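Below are the chains, spelled out letter by letter.
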Amino acid sequence: NAGVTQTPKFQVLKTGQSMTLQCAQDMNHEYMSWYRQDPGMGLRLIHYSVGAGITDQGEVPNGYNVSRSTTEDFPLRLLSAAPSQTSVYFCASRAGLGEPNQPQHFGDGTRLSIL
Amino acid sequence: AQKVTQAQTEISVVEKEDVTLDCVYETRDTTYYLFWYKQPPSGELVFLIRRNSFDEQNEISGRYSWNFQKSTSSFNFTITASQVVDSAVYFCALSEEGGGADGLTFGKGTHLIIQP
């Protein structure tokens, strides 16, 4: 049972480069989301999706783009990387559309450094 | 807007001591859900417990216990007879029933260090 799989685990980019963080889940969860974790800040919601073809912004969406073409995959795109986007990124999924009482299952994270 | 405060940035205790991690939340919803997650040094996030706003019953799971008090908007986490393996960052989080983002609002975390 793979759960939520994130790739890559580590990445170093130069300012201005673009890249896509991959996230896949095999639990048939409708709800998926991306968080970033910065020292002393906890985790903050970037974007989320309540199903294929439906995405919306969270607390800190600027500089990021998402799409949801399938239930399983929810990639996060950095359009033009900036040093402020250096962070650890977590993808999460949750069973039950509109059921905030369900715990979210997190991937192992992607540690991203922007030089 | 909802908010979660974990005032203790770092706690250090000696093994076998009891330790309580504090969590205070703010929300305007009458229905909401509280969570605790553990982040060990390896970095993954591990779900520990969920509590619904309409269920104030405290819960015990082995050495872990949780005290939910709506009157003080608190959801504290106690580890009894702490062990070195309990060393981690612990996050308290809130999810609202009618929240537009439908995501979790996290506290900033408490770094717990258990010294042998």
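Note that the coordinates shown come from a computational prediction; the quantities given were computed from them, not determined experimentally.

A.B. asks: Would you take a moment to explain the nonpolar core for this structure?
C.D. replies: The nonpolar side chains of a soluble globular protein tend to be buried with one another. Counting 23 residues, the largest nonpolar core has Trp36, Phe75, Phe77 and Tyr90 of chain B as its most contacted members. At the level of secondary structure, the elements contributing two or more residues to this core comprise strand 2 (10-14), strand 3 (19-21), strand 5 (32-39), strand 8 (64-69), strand 9 (74-79), strand 10 (88-96) and strand 12 (110-115) of chain B. Residue contributions to this core peak at four residues, all from strand 10 of chain B. Sequence-distant contacts of Tyr90 of chain B, that is, excluding residues within four places in its chain, are made with Gln6, Leu21, Trp36, Tyr37, Lys38, Leu48, Tyr64, Phe77, Ile79, Gly109, Thr110 and Leu112 of chain B. Within the second largest apolar cluster, 19 residues are counted, among which are Met32, Ile46, Leu76 and Ile114 of chain A.

A.B. asks: Please explain the environment of Ala24 of chain A as it appears in this structure.
C.D. replies: Residues and elements named next belong to chain A. Turning to its location among the elements, Ala24 is positioned in strand 3 (residues 19-25). The partly exposed category is assigned to Ala24, whose relative accessible area is 26%. Counting along the chain gives 49 residues from Ala24 to Asp73, while the straight-line C-alpha distance between them is 4.5 Å. Among all residues touching Ala24, those that are not within four sequence positions of it are Gly3, Val4, Thr5, Glu72 and Asp73.

A.B. asks: Before we go on, may I ask you to explain the pairing of strand 4 (residues 31-38) of chain A in this structure?
C.D. replies: Looking down a regular strand, the side chains alternate between one sheet face and the other. Residues and elements named next belong to chain A. Among the eight residues that make up strand 4, eight are buried, leaving the element largely enclosed by the rest of the structure. In this structure, strand 4 lies alongside strand 9 (residues 87-94), joined through seven bridges in antiparallel fashion. Bridge assignment links Tyr35 to a residue of strand 9, and that residue is Phe90. Both strand 4 and strand 5 (residues 42-51) contribute to a ladder of seven bridges, which runs antiparallel.

A.B. asks: I tried to follow the pattern of salt bridges on my own but got confused; where do I start?
C.D. replies: It is possible for side chains of opposite charge to pair when their charged atoms get near one another. Residues and elements named next belong to chain A. All told, the structure shown has five salt bridges over all chains when counted by the stated rule. The partner of Asp38 in a salt bridge is Arg36, with the nearest N and O atoms 2.9 Å apart. Of the two residues examined, Asp38 and Arg36, each falls in the buried class. Taken together, the shared-partner salt bridges in this structure form one network comprising Arg36, Asp38 and Arg44.

A.B. asks: How should the packing of aromatic side chains be read in this particular structure?
C.D. replies: Each aromatic ring pair is summarised here by two numbers: the centre-to-centre distance and the angle between the ring planes. Using the criterion set out here, one finds 20 aromatic pairs over all chains in the structure. Clustering of aromatic rings is evident, with ring pairs tying together Tyr35, Phe90 and Phe106 of chain A together with Phe35, Tyr37, Phe47, Phe91 and Phe106 of chain B.

A.B. asks: Mind showing me how you'd approach the environment of Ile49 of chain B here?
C.D. replies: All names here are of chain B. With respect to the helices and strands, the residue Ile49 is situated in strand 6 (residues 46-52). Once the C-alpha coordinates of Ile49 and Ala93 are considered, the two residues, 44 residues apart in sequence, prove to be 10 Å apart. For Ile49, the residues in contact, after removing those within four places along its chain, are Leu34, Phe35, Trp36, Glu59, Trp66 and Phe75.

A.B. asks: Just to check I follow, could you spell out the state of the cysteines for this structure?
C.D. replies: Here a disulfide denotes one covalent bond, and it connects the sulfur atoms of two cysteines. All names here are of chain A. In the structure shown here, the tally under the stated rule is two disulfides over all chains. There is a disulfide in this structure between Cys23 and Cys91, and the S-S distance comes to 1.9 Å. Where Cys23 bonds to Cys91 through sulfur, the torsion about that S-S bond is close to -75 degrees, and the disulfide is left-handed. Linking Cys23 in strand 3 with Cys91 in strand 9, this pair joins segments that are 68 residues apart in sequence.

A.B. asks: Is there a simple way to think about the environment of Pro116 of chain B in this case?
C.D. replies: Residues and elements named next belong to chain B. Tracing the backbone through its elements, the reader meets Pro116 in the segment after strand 12. When its relative accessible area of 82% is taken as the criterion, Pro116 is described as exposed. As a C-alpha pair, Pro116 and Ile49 span 67 residues in sequence and 26 Å in three-dimensional space.

A.B. asks: It is not clear to me how the layout of surface pockets should be interpreted in this structure. Could you clarify?
C.D. replies: Any empty space left between the atoms is revealed when a probe the size of a water molecule rolls over them. Estimates place the volume of the largest pocket at around 1,000 Å³. Gln37, Asp38, Gly42 and Leu43 of chain A together with Phe91 of chain B are the residues nearest the centre of the largest pocket, which is lined by 47 residues in total. When its residues are assigned to classes, the lining of the largest pocket shows 17 nonpolar, 22 polar and eight charged.

A.B. asks: Whenever I open this one, the interface of chain B and chain A confuses me. Can you help?
C.D. replies: Interface size, as often reported, equals the accessible area lost upon joining of the parts. On the side of chain A, 19 residues touch chain B, which itself brings 22 residues to the contact. Taken together, the two surfaces of chain B and chain A that pack against each other cover about 1,700 Å², and 58% of this comes from carbon and sulfur. Linking chain B to chain A there are zero salt bridges. Counting across the interface, chain B meets chain A through three residue pairs in polar contact (both at pLDDT 80 or more). Where the side of chain B that touches chain A is concerned, the elements lending two or more residues are strand 5, strand 6 and strand 10 of chain B. Counting residues per element, the side of chain B that touches chain A draws most heavily on strand 5 of chain B, which supplies four residues. Residues belonging to the side of chain B that touches chain A are distributed by class as follows: nine nonpolar, seven polar and six charged.

Conventions we followed
The numbering scheme is per chain: residues are counted from 1 as the chain's sequence reads. As a convention, the first chain written is A and the first ligand written is 1, with the rest following in written order. Side-chain atom pairs in this predicted model are given and counted only at pLDDT of 80 or more, local residue features only at pLDDT of at least 70, and totals for whole chains, interfaces and linings cover all residues. Excluded from the side-chain calculations are hydrogens and water; all other atoms, namely the structure's heavy atoms, are used. Residues grouped as a nonpolar core are buried Ala, Val, Leu, Ile, Met, Phe, Trp, Tyr and Cys residues, joined through side-chain atoms within 4.5 Å. Note on classification: 1.4 Å probe, protein chains only; a residue is buried when its accessible area is under 20% of the maximum for its type, exposed when over 50%, partly exposed between these limits. We count a stretch as a helix when DSSP gives it H or I for four or more residues in a row; a strand needs E for two or more, and each element gets its number in order from the N terminus. Working rule for contacts: check all heavy atoms of both residues, and any pair within 4.5 Å makes them a contact. Should DSSP find at least two bridges between two strands, the strands are taken to pair. A carboxyl oxygen of Asp or Glu within 4 Å of a side-chain nitrogen of Lys or Arg is what we treat as a salt bridge. Centres within 6.5 Å make a pair out of two Phe, Tyr or Trp rings, where for Trp the six-membered ring is used; the pair is then stacked when the planes are under 30 degrees apart, edge-to-face when over 60, and tilted otherwise. Note on disulfides: each one is a pair of cysteine sulfur atoms within 2.5 Å. Throughout, the protein atoms alone are placed on a 1 Å grid, and a set of points is a cavity if a 1.4 Å probe fits but cannot get out or a pocket if it is open with protein on both sides within 12 Å along at least five of seven lines; lining residues have an atom within 4 Å of a point. Grid points are joined across faces, edges and corners, and a volume is the space filled by probe spheres set on the points. Here the nonpolar group is Ala, Val, Leu, Ile, Met, Phe, Trp, Tyr, Cys and Pro; Asp, Glu, Lys and Arg are the charged ones; every other residue, Gly included, is treated as polar. The term buried area denotes the loss of accessible surface (1.4 Å probe radius) that occurs when two parts are joined, taken as the sum for both partners. Counted as a polar contact is a pair of N or O atoms within 3.5 Å, where, for protein atoms, one must be capable of donating a hydrogen and the other of accepting one, and residues adjacent in sequence contribute only when both atoms are in side chains.

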